[in-house]
Amino acid sequence: MSRLLLFGPALVCLLAACGDDDGDDESQAAALDPVTEITIVAQDIDFDIEEFKAPTAASLTITVVNEDENVPHNIAFYTDDSADEAIDGASTELEDGPIVQELVFTVPAPGEYYYHCDAHPVLMRGTLIVE
Ligand SMILES: [Cu+2]
């Protein structure tokens, strides 16, 4: 089953959409399956996705949509929620919204990782589960 999902995000979206009554839940449902592309919206100093899965060693593309006018956001990945050790190449610069940022990096070894906005680490945070 997980092998099937590796065929691509389009299939994942298709499956998620099929199982949903409400289109608003689509992104959250898709986040439950491992993805190699994901869009995370930063709005009202909050990320809309606070947990998602990705397959180890894959190239992961994250689109960060900062909807907050004149408020700086970014996304930065760390080995754990102490945020002491950054994951190489897995962060964007803090930039005022509205702006769209794209981040591409290689998914690390299986495990749980942490991400946050460096400007709002308490309010904007999440977990990346690598399988
Ligand atoms: Cu922020």
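Look up: the structure comes first, before these words.
Reference entry: report on the structure contained in this document.

Thresholds applied
Residues numbered from 1 in each chain as written. Predicted model: local features only at pLDDT ≥ 70, side-chain atom pairs only at ≥ 80, totals over all residues. Pairing = 2+ DSSP bridges. Helix = DSSP H or I, 4+ residues; strand = E, 2+ residues; numbered from the N terminus. Axes fitted to C-alpha atoms, helices over the stretch in contact; angles between N-to-C directions.

Now for the sheet that holds strand β1 (residues 37–42). The pairing of strands in a sheet happens through backbone hydrogen bonds and is either parallel or antiparallel. Judged by pairing direction, the sheet is mixed, and its three strands sit side by side in the order β1-β3-β8 without closing on themselves. Each edge of the open sheet carries a strand with a single partner, namely β1 and β8 (99–106). Between one strand axis and the next, the sheet turns by 20° as a mean value, whatever way the strands run. Note: β1 against strand β3 (residues 59–66), six bridges, orientation parallel. Counted as the bridge partner of I38 is I62 from β3.

Looking now at the sheet that holds strand β9 (residues 111–116). Across the sheet, five strands lie side by side as β2-β10-β9-β5-β6; this open sheet has mixed pairing. Lying at the two open borders of the sheet, with one neighbouring strand each, are β2 (51–54) and β6 (86–91). Along the sheet, successive strands turn relative to each other by an average axial angle of 25°, direction set aside.

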